[in-house]
Amino acid sequence: QTVKNEIPHERLFGYLKKIECGDNFVVALTEKGKVVSWGTSSLTSDSVIPSFDEYITDISVGDRHAIALGQSGRIYTWGDSSFTGSIPTSVSNDYKYIKAGPSGSVAIHVNIRIYGFGHSSDLLLSAIPHVNNVSKISFGLNHGMILDNSGNLYSWQSGSTYSQSIIPVGYS
């Protein structure tokens, strides 16, 4: 059975707000805040996907895990438990941004801190620099980038300090 044959076309046309692809699975967010998933991975099973009791505002997908952000600021994760990790419990579950990477996720809390969680051997997730006014975050296996609202770009890598640069003129 191929992924193409499993796409629930009729239910999704004209209703998708965002779509993300993982390793043999797809997670989509509808304009009504519902999460839909399909593919050949076990991550698409109804028994694996959380029961969302609120409107979902964002989704992000890693290789073998997914993360969703509820309107209340609550984070939901599902998939390979070694990649979903533990959502930080030292602060309230009140987040405003999420991003999944290959083996973990990051979230920006309303207290402006960036939290990384996921694979316990992933040093990258424990070395995220503190940056204010974050616009976007992206990260791979060994390095990450943070873009702030002023156009400053910050980079970091596993076991290293970060550097800052301005996006070149003509590209912002």
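Residues numbered from 1 in each chain as written. Predicted model: local features only at pLDDT ≥ 70, side-chain atom pairs only at ≥ 80, totals over all residues. Heavy atoms only, no water.

1. Focus: the overall build of the protein chain
- In terms of helices and strands, the protein chain carries 3 helices and 13 strands.
- Relative to its 172 residues, the protein chain shows a buried fraction of 43%.
- Within the protein chain, contacts between residues separated by at least 24 positions form 33% of all contacts whose residues are at least 6 apart in sequence. (Helix = DSSP H or I, 4+ residues; strand = E, 2+ residues; numbered from the N terminus. Buried < 20%, exposed > 50% of the residue type's maximum accessible area, 1.4 Å probe, protein only. Contact = heavy atoms within 4.5 Å.)

2. Focus: the pattern of salt bridges
- In this structure the tally under the stated criterion is 3 salt bridges.
- Asp-58 serves as the salt-bridge partner of Lys-18, at 2.7 Å between the closest nitrogen and oxygen. Here the residue Lys-18 occupies a position in strand S1 (residues 16–21), and Asp-58 occupies one in strand S4 (residues 56–61), the gap between them amounting to 40 residues.
- The class for Lys-18 is partly exposed, based on a relative accessible area of 26%.
- The salt bridge involving Asp-53 is made with Arg-74; its shortest N-O contact spans 3.9 Å. Placement of the pair is Asp-53 in the loop between strand S3 (35–39) and S4 and Arg-74 in the loop between strand S5 (65–70) and strand S6 (75–79), with a sequence separation of 21 residues.
- One network of salt bridges, with partners in common, ties together Lys-18, Glu-20 and Asp-58. (Salt bridge = Lys/Arg side-chain N within 4 Å of Asp/Glu carboxyl O.)

3. Let's talk about the sheet that holds S4
- The antiparallel open sheet is built from 3 strands, whose spatial order is S4-S5-S6. Either end of the sheet is taken by a strand with one partner, and the two such strands are S4 and S6. Going from strand to strand, the sheet's axes swing by 20° on average, the running direction of each strand aside.
- Pairing between S5 and S6: 5 bridges, direction antiparallel. If you follow His-65 over to S6, its bridge partner there is Gly-79. (Pairing = 2+ DSSP bridges. Axes fitted to C-alpha atoms, helices over the stretch in contact; angles between N-to-C directions.)

4. A closer look at the environment of His-130
- Of note, His-130 is situated in the loop between strand S9 (114–118) and strand S10 (134–139).
- Distance from His-130 to Ile-112, taken between C-alpha atoms, is 8.7 Å for residues 18 residues apart in sequence.

5. Some remarks on the packing of aromatic side chains
- Under the defined criterion, the tally for this structure stands at 3 aromatic pairs.
- Here the aromatic rings of Phe-52 and Trp-78 are separated by 5.7 Å at their centres, their planes lie at 70°, and the arrangement is edge-to-face. Of this pair, Phe-52 sits in the loop between S3 and S4 while Trp-78 sits in strand S6, and the two are 26 residues apart along the sequence.
- Here Tyr-95 and Tyr-115 contribute two aromatic rings whose centre-to-centre distance is 6.3 Å and whose plane-to-plane angle is 85°, an arrangement assigned as edge-to-face. With a gap of 20 residues between them, Tyr-95 in strand S7 (residues 95–100) and Tyr-115 in strand S9 connect regions that are remote in the sequence. With respect to burial, Tyr-95 and Tyr-115 carry one shared label: buried.
- Three or more aromatic residues joined by ring pairs form one cluster here, namely Phe-52, Tyr-76 and Trp-78. (Phe/Tyr/Trp six-rings, centres within 6.5 Å; stacked < 30°, edge-to-face > 60°.)

6. So, the sheet that holds strand S2 (residues 25–30)
- Ordered in space as S1-S2-S3, the 3 strands form an open sheet in which the pairing is antiparallel. Lying at the two open borders of the sheet, with one neighbouring strand each, are S1 and S3. Adjacent strand axes in the sheet meet at a mean angle of 20°, parallel and antiparallel pairs treated alike.
- Pairing of S1 with S2, which is carried by 5 bridges, proceeds in the antiparallel orientation.

7. Section: unusual backbone geometry
- Although it is not a glycine, Ile-112 sits at a positive phi angle of roughly 80°.
- Along the chain, Ile-112 falls in the loop between strand S8 (104–109) and S9.
- Even without being glycine, Asn-133 reaches a positive phi, approximately 55°.
- Here Asn-133 lies in the loop between S9 and S10.

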